[in-house]
Amino acid sequence: MHTFCHMASKTYYESDLNEAWHHGWLKAIELSKARNHAKNNVGNTRRYALGFAIEMIDLGCMSPEAMDTAMFLQWKERVVEGRTRTGRPLGNASIKKRMEKAKLLFLGCKLPDQVEILDMHKVTPTKPELVFWTREELQAMTHHALRRFDADPESGQPSVAHILNVICPSRRSDTAAMRWSSIDFRAATIQFPAAKNGKRPGNIIDKEYIPILKRWKAITVAYAGGDEYVFPRSM
């Protein structure tokens, strides 16, 4: 049974490795296990080190000790531009992961010169710029959600989900798992257990949203699980 690394529509097989890179790949996995890395981390080492080794072979670098600075920079240029087997350009975060696993390979093979090359060309992932909606944009989306619900209440899931997030912004998973027991119509409040941290965020429900939520509940109770969940799977 061959180990493989699936990327996009192409596949990197263990059998693509020559003897020298195969030895280095096994050393990377061995070192990852020796450092007591979590199972998924060892799996990442297996995949990313395999991809790196095969891409080096495709460049004509036939052994770990043959990789020099010029060869590494050529590899980096190719993965940035997507000129690899996957055909998919890599961002800094993905390149950083590959380099971390490649470093384990070179450490396992006791190749300090190659480790130094990677250390000299460390990649810092760039944080994406956060763009927030304006108050006017949010109000426009809410008005659209309300109009859409009035026009077709039976297909109101998107509108109700939007309203719930206006009332109390939550993760998508928490919104999808919302229960009617978390909504108190009499007190006009919402409070639910957040799955990720166990906290109970909540907020006051604006009076204009109460009739919408009540109408939606009247619809959901006709479906299995609708008396318990705001968004029953049976709908």
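Scope of this entry: the structure provided in the associated data block. (Residues numbered from 1 in each chain as written. Predicted model: local features only at pLDDT ≥ 70, side-chain atom pairs only at ≥ 80, totals over all residues. Heavy atoms only, no water.)

**A word on helix α6 (residues 135–151)**
No. 1: Taking 1.5 Å as the rise per residue, α6 with 17 residues should run 24 Å; its terminal C-alpha atoms sit 24 Å apart, in good agreement.
No. 2: Among the residues of α6, Thr 142, Ala 145, Leu 146 and Phe 149 are the ones counted as buried. In a view along the axis of α6, the buried residues occupy a sector of 95 degrees, so they form one face of it. Counted as exposed and oriented over 90 degrees from the buried face of α6: Glu 136, Arg 147 and Ala 151. (Helix = DSSP H or I, 4+ residues; strand = E, 2+ residues; numbered from the N terminus. Expected span 1.5 Å × (residues − 1). Buried < 20%, exposed > 50% of the residue type's maximum accessible area, 1.4 Å probe, protein only. Arc of directions from axis to C-beta.)

**Details of unusual backbone geometry**
No. 1: Of note, Asn 36 is a non-glycine position whose phi angle comes to about 60 degrees, a positive value.
No. 2: When you line up the elements, Asn 36 lands in the loop between α1 (19–34) and α2 (39–58).
No. 3: With phi around 55 degrees, Lys 110 is a residue other than glycine that occupies positive phi space.
No. 4: Within the secondary structure layout, Lys 110 lies in the loop between α4 (92–108) and α5 (112–120).
No. 5: Given a relative accessible area of 71%, Lys 110 falls into the exposed group.

**Describing the packing of α2 against α4**
No. 1: Across the interface, α2 lies against α4 with an axial gap of 8 Å and an inter-helix angle of 85 degrees. Regarding the angle of α2 to α4, the classification is roughly perpendicular. Residues Asn 41, Asn 44, Thr 45, Tyr 48, Ala 49, Phe 52 and Glu 55 of α2 lie in contact with α4, whose contacting residues are Lys 97, Arg 98, Lys 101, Ala 102, Leu 104, Leu 105 and Phe 106.
No. 2: Here the residues of the contact of α2 with α4 are counted per class, giving seven nonpolar, three polar and four charged. (Axes fitted to C-alpha atoms, helices over the stretch in contact; angles between N-to-C directions. Parallel < 35°, antiparallel > 145°, perpendicular 65-115°, else oblique. Contact = heavy atoms within 4.5 Å. Nonpolar A, V, L, I, M, F, W, Y, C, P; charged D, E, K, R; others polar.)

**Observations concerning the packing of α4 against α5**
No. 1: Packing of α4 against α5 leaves a shortest axis separation of 8 Å and a crossing angle of 160 degrees. In this view, α4 runs roughly antiparallel relative to α5, as classed from their interaxial angle. In this structure, the crossing between α4 and α5 has a hand that is left-handed. Residues Met 99, Ala 102, Lys 103, Phe 106 and Leu 107 of α4 touch α5, and the partners they reach there are Gln 114, Val 115, Leu 118 and Asp 119.
No. 2: For the contact of α4 with α5, the residue count by class is six nonpolar, one polar and two charged. (Left-handed = near helix turned anticlockwise from the far one by under 90°.)

**Examining the pattern of salt bridges**
No. 1: Applying the stated criterion across every chain, the model contains 10 salt bridges.
No. 2: A salt bridge links Arg 98 to Glu 55, with the nearest nitrogen and oxygen atoms 3.7 Å apart. Of the two residues, Arg 98 sits in helix α4 while Glu 55 sits in helix α2, which places them 43 residues apart along the sequence.
No. 3: By relative accessible area, Arg 98 is classed as buried at 3%.
No. 4: A relative accessible area of 4% places Glu 55 in the buried class. (Salt bridge = Lys/Arg side-chain N within 4 Å of Asp/Glu carboxyl O.)

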